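Letter by letter, the chains look like this.
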Amino acid sequence: MTVLKVGLAGLGTVGGGTWKVCEKNSDEIIRKAGRKVKIVAVAEPARNKFLSLGENGISYFSDAMELIEVPEIDVIVELIGGDTFAKMLVLKALKNGKHVVTANKALLAKHGNEIFEVAEKNRVTVGFEAAVAGGIPILKVLREGLTANSIDWVAGIINGTSNYVLSEMEDRGISFDQALKEAQDLGFAESDPTLDIEGNDSAHKLSLLASMAFGIKINLDKILVSGIKDLDLKEVIYAKKLGYKIKSLGIARRTDSCLELRVHSTLIPENCLMANVNGAMNAVMVKGNSVGNTLYYGQGAGAEPTASAVVADLVDIARNSIGNVSARVPALSYQSNHIRDLNILEDGLIKSGFYIRLRVLDRAGVLADVTRCLSNEDISIESFFQKKPREDENSTDVVLLTHECLGKNILDSIKAIKLVKNVIDDPIILRVESLK
Ligand code: HSE
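Rules used throughout
Residues numbered from 1 in each chain as written. Predicted model: local features only at pLDDT ≥ 70, side-chain atom pairs only at ≥ 80, totals over all residues. Heavy atoms only, no water. Pairing = 2+ DSSP bridges. Helix = DSSP H or I, 4+ residues; strand = E, 2+ residues; numbered from the N terminus. Buried < 20%, exposed > 50% of the residue type's maximum accessible area, 1.4 Å probe, protein only. Near = heavy atom within 4 Å. Polar contact = N/O pair within 3.5 Å; in protein donor to acceptor, adjacent residues only side chain to side chain. Areas by Shrake-Rupley, 256 points an atom, 1.4 Å probe, with all protein chains shown as cover. Nonpolar A, V, L, I, M, F, W, Y, C, P; charged D, E, K, R; others polar. Domains from an automatic or database assignment. Contact = heavy atoms within 4.5 Å. Buried area = accessible area lost by both parts, 1.4 Å probe. Salt bridge = Lys/Arg side-chain N within 4 Å of Asp/Glu carboxyl O. Core = buried A, V, L, I, M, F, W, Y, C linked by side-chain atoms within 4.5 Å.

Colleague: Sorry, what's going on with the sheet that holds strand E5 (residues 99-102) here?
Modeller: Working definition: the strands of a sheet are paired by backbone hydrogen bonds and lie parallel or antiparallel to each other. Across the sheet, 6 strands lie side by side as E3-E2-E1-E4-E5-E6; this open sheet has parallel pairing. Looking at which strands have only one partner, the edges of the open sheet turn out to be strand E3 (59-61) and strand E6 (126-127). Bridging between E5 and E6 involves 2 bridges; their strand directions are parallel. Considered in E6, the bridge of Val101 is made with Gly127.

Colleague: Looking at this structure, how should I read the pairing of strand E2 (residues 36-43)?
Modeller: Here is the key point about a regular strand: its side chains alternate between the two faces of the sheet. Counting buried positions along E2 gives 6 out of 8 residues, so the element sits mostly inside the fold. In the sheet, strand E1 (residues 3-9) pairs with E2 via 7 bridges, with the strands oriented parallel. Note that in E2 the partner of Val6 across the bridge is Ile39. Summarising the sheet, E2 and E3 pair through 3 bridges and their orientation is parallel. Bridged to Ala43 within E3 is Phe61.

Colleague: Got a minute to help me understand the site of the ligand in this structure?
Modeller: Every residue lining the ligand is accounted for by Lys105, Asn159, Gly160, Thr161, Asp196, Asp201, Lys205 and Ala301. Thr161 has a polar side-chain atom sitting 2.5 Å from an oxygen atom of the ligand. For the ligand, whose free accessible area comes to 260 Å², the fraction covered by protein is 83%. Looking at the shell around the ligand, the elements that each hand over two or more residues are helix H8 (160-172) and helix H11 (200-214). Class assignment of the residues belonging to the shell around the ligand gives a composition of 1 nonpolar, 3 polar and 4 charged.

Colleague: What's the story with the domain arrangement of the protein in this structure? I'm lost.
Modeller: Size of an interface, as often reported, equals the accessible area lost when the parts are brought together. Here the domain parsing of the protein yields domain 1 (3-134 + 303-338), domain 2 (138-299) and domain 3 (349-432). Contact with domain 1, which involves 24 residues of that partner, is made by 24 residues of domain 2. Between domain 1 and domain 2 the total buried area reaches about 2100 Å² when both faces are included, carbon and sulfur atoms providing 59% of it. On inspection of domain 1 and its partner domain 2, the count reaches 1 salt bridge. The residue Asp316 makes a salt bridge to Lys140 at a minimum N-O spacing of 2.5 Å. Connecting domain 1 to domain 2 are 8 residue pairs in polar contact (both at pLDDT 80 or more). Secondary-structure elements contributing two or more residues to the side of domain 1 that touches domain 2 are helix H6 (105-121) and helix H13 (303-322). Sort the elements by how many residues they give to the side of domain 1 that touches domain 2 and H6 lands first, with 8 residues. Residues of the side of domain 1 that touches domain 2, tallied by class, amount to 14 nonpolar, 5 polar and 5 charged.

Colleague: Hey, could you run me through the nonpolar core in this one?
Modeller: Where a protein is soluble and globular, its nonpolar side chains tend to be buried together. With 63 residues, the main nonpolar core has Leu94, Phe128, Ile138, Phe214 and Val286 as its most contacted residues. With 8 residues, the top contributor of residues to this core is H11. Counting the residues that make up this core, at least three belong to each of domain 1 (3-134 + 303-338) and domain 2 (138-299). In contact with Phe214, other than residues within four places in its own chain, are Ile151, Asp152, Trp153, Ala252, Arg253, Arg254, Leu259, Tyr334 and Leu342. Grouped together as the second largest cluster of nonpolar side chains are 31 residues, Leu4, Ala103, Ala309 and Val310 included.

This is the structure:
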């Protein structure tokens, strides 16, 4: 039995988890892969992390580039992160004929097109299941399980930090700042959570999901991104009153020959399954034109859940090489000569329902003026309510939900609403999705 020899670059949370899963499940892996998957070398600048693995007879390097020079290594597992050194490492490994497995979504979102091209040229594989939604095998779903379908849309809660913060705001009625601070204290959020709360981590993942779902190049720059950092608790409370929850969603949807790519806070009906994905959990819905709606749920981060995806990619590589094929299925699901461009829609051309919150002086005629601004843009109101002002208040909140309409019509109506006498403060606008 030949052994699949792995060089592990990075012994952080996921690297440590990968080591553990390979050790703990080694018998199970042999039965499934048909051969042993063995980490034969580790590269990690902090030697104490390597020493903490105990007596193991494997080679140690402080510099990951040295792994590439080890002829016996078949696969480099890149768990270093970042997109500068990691890019050099991955490209060099592929050019040296080594397969690569990575959890690095930022790297692939920014440089994936080049990386997959180099991999194909060198007849090696890039496994990246761990890069999207951690332990949920969503890439395999798109690549294999749903391959018979033309995909209509993919929508995911793909950032656990944002979902944790939103869940706490909703459950406990606390502000964004307090929820984030508590998440950091409990270790659910990074000390620098910028990538998460500004939506960029979700955008990285969405760029990969969209590429696989629709057979397009990875288009990070064309994604409309807004995070949760400016979300006021009021929106969470009012959404609940209207029968909705607010989730930060990554959405990729095909409309005719165009594509929507967006990450933003979204109202979704409280009785749909996605609305009940709470805490740091992730979930991805995929609608295929034959299968209909499907839903995948699980941990989107953490040592062993993410390592579960890393090791699954290793098992795939081990299985492929037994069959003497470099890649049984294309990494991005579509054959590379069938990857094409789709026109990606700008915000104004994307349709959805909208939530609008206005702060108004409680005077006769203000609602009539506001609704006229909406009807002038052909926007129909689905429901609305006005908060009863407190005795010491002379202004109040009015919340409206619209039927589906174009983003540009909403923006035009908002321009007019801002000019209405007795409307104070800038209106707050969020999209509403039915996920049907
Ligand atoms: N920081 C990510 C999250 C996990 O909060 O979901 C890794 O992608």
